[in-house]
Amino acid sequence: MIFNKQGFIDIDEMIAQEPSFQKIMEDGVVTDDELREQTETVIKLLHEVENRFSEADKLLVKRLFAETNVLSAIYHYYELQNIG
């Protein structure tokens, strides 16, 4: 579900399969409204986690969220430093 057959996170595939991503990318343009709607969707999900999960679960999700974004950021920097 989260990992591919090689044991890696297949985030690109996960994103591509999300109906929200498919809808937003249908015309190849991301609008202000689509960005706002997706932001609201994420906020709603985070509130749902906050309301349902124990304190320990919330800390784990918070760490996962932070570390996932660290990974995304360093991939971006890695790509930039290897251009040229």
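This text follows the structure it describes.
Calculation notes
Residues numbered from 1 in each chain as written. Predicted model: local features only at pLDDT ≥ 70, side-chain atom pairs only at ≥ 80, totals over all residues. Heavy atoms only, no water. 1 Å grid on protein atoms, 1.4 Å probe; cavity = no way out; pocket = protein on both sides within 12 Å on 5 of 7 lines; lining within 4 Å. Points joined across faces, edges and corners; volume = space filled by probe spheres on them. Helix = DSSP H or I, 4+ residues; strand = E, 2+ residues; numbered from the N terminus. Nonpolar A, V, L, I, M, F, W, Y, C, P; charged D, E, K, R; others polar. Polar contact = N/O pair within 3.5 Å; in protein donor to acceptor, adjacent residues only side chain to side chain. Contact = heavy atoms within 4.5 Å. Salt bridge = Lys/Arg side-chain N within 4 Å of Asp/Glu carboxyl O. Buried < 20%, exposed > 50% of the residue type's maximum accessible area, 1.4 Å probe, protein only.

Visitor: Even after reading the chapter, I still don't get the layout of surface pockets, so can you show me in this structure?
Guide: Once rolled over the atoms, a probe with the size of a water molecule shows which space is left empty. By volume, the largest pocket amounts to about 1,900 Å³. Every residue lining the largest pocket is counted, 37 residues in all, and those nearest its centre are Ile11, Met14, Ile15, Phe65 and Thr68. Of all the elements in the fold, those that place two or more residues in the lining of the largest pocket are helix 1 (11-17), helix 2 (19-25), helix 3 (32-52) and helix 4 (55-81). Sort the elements by how many residues they give to the lining of the largest pocket and helix 4 lands first, with ten residues. Grouping the amino acids of the lining of the largest pocket by side-chain chemistry returns 25 nonpolar, eight polar and four charged. The volume enclosed by the second largest pocket comes to roughly 180 Å³. Lining the second largest pocket, in full, are Leu46, Val49, Glu50, Lys58, Val61, Lys62 and Phe65. Where the lining of the second largest pocket is concerned, the elements lending two or more residues are helix 3 and helix 4.

Visitor: Looking at this model, I keep getting lost on the side chain of Glu34. Mind explaining?
Guide: For Glu34, the location among the structural elements is in helix 3. Of note is the side chain of Glu34, whose polar atom sits 2.9 Å from the backbone nitrogen of Thr31. If we skip the residues at most four places from it in the chain, Glu34 touches Lys23, Ile24 and Val29.

Visitor: Can you walk me through the pattern of salt bridges in this structure?
Guide: If the charged atoms of two oppositely charged side chains come close together, the side chains can form a pair. Taken as a whole, this structure holds three salt bridges when the rule is applied. One salt bridge connects Arg36 with Asp33, and the closest N-O pair in it is separated by 2.2 Å. Placement of both Arg36 and Asp33 in helix 3 is noted, with a separation of three residues, approximately one turn of the helix. Classification of Arg36 as partly exposed rests on a relative accessible area of 46%. For Glu55, the salt bridge is made with Lys58, and the minimal N-O distance between the two is 2.9 Å. With Glu55 and Lys58 both in helix 4 and three residues apart, this pair spans about one turn of that helix. The exposed category is assigned to Glu55, whose relative accessible area is 56%.

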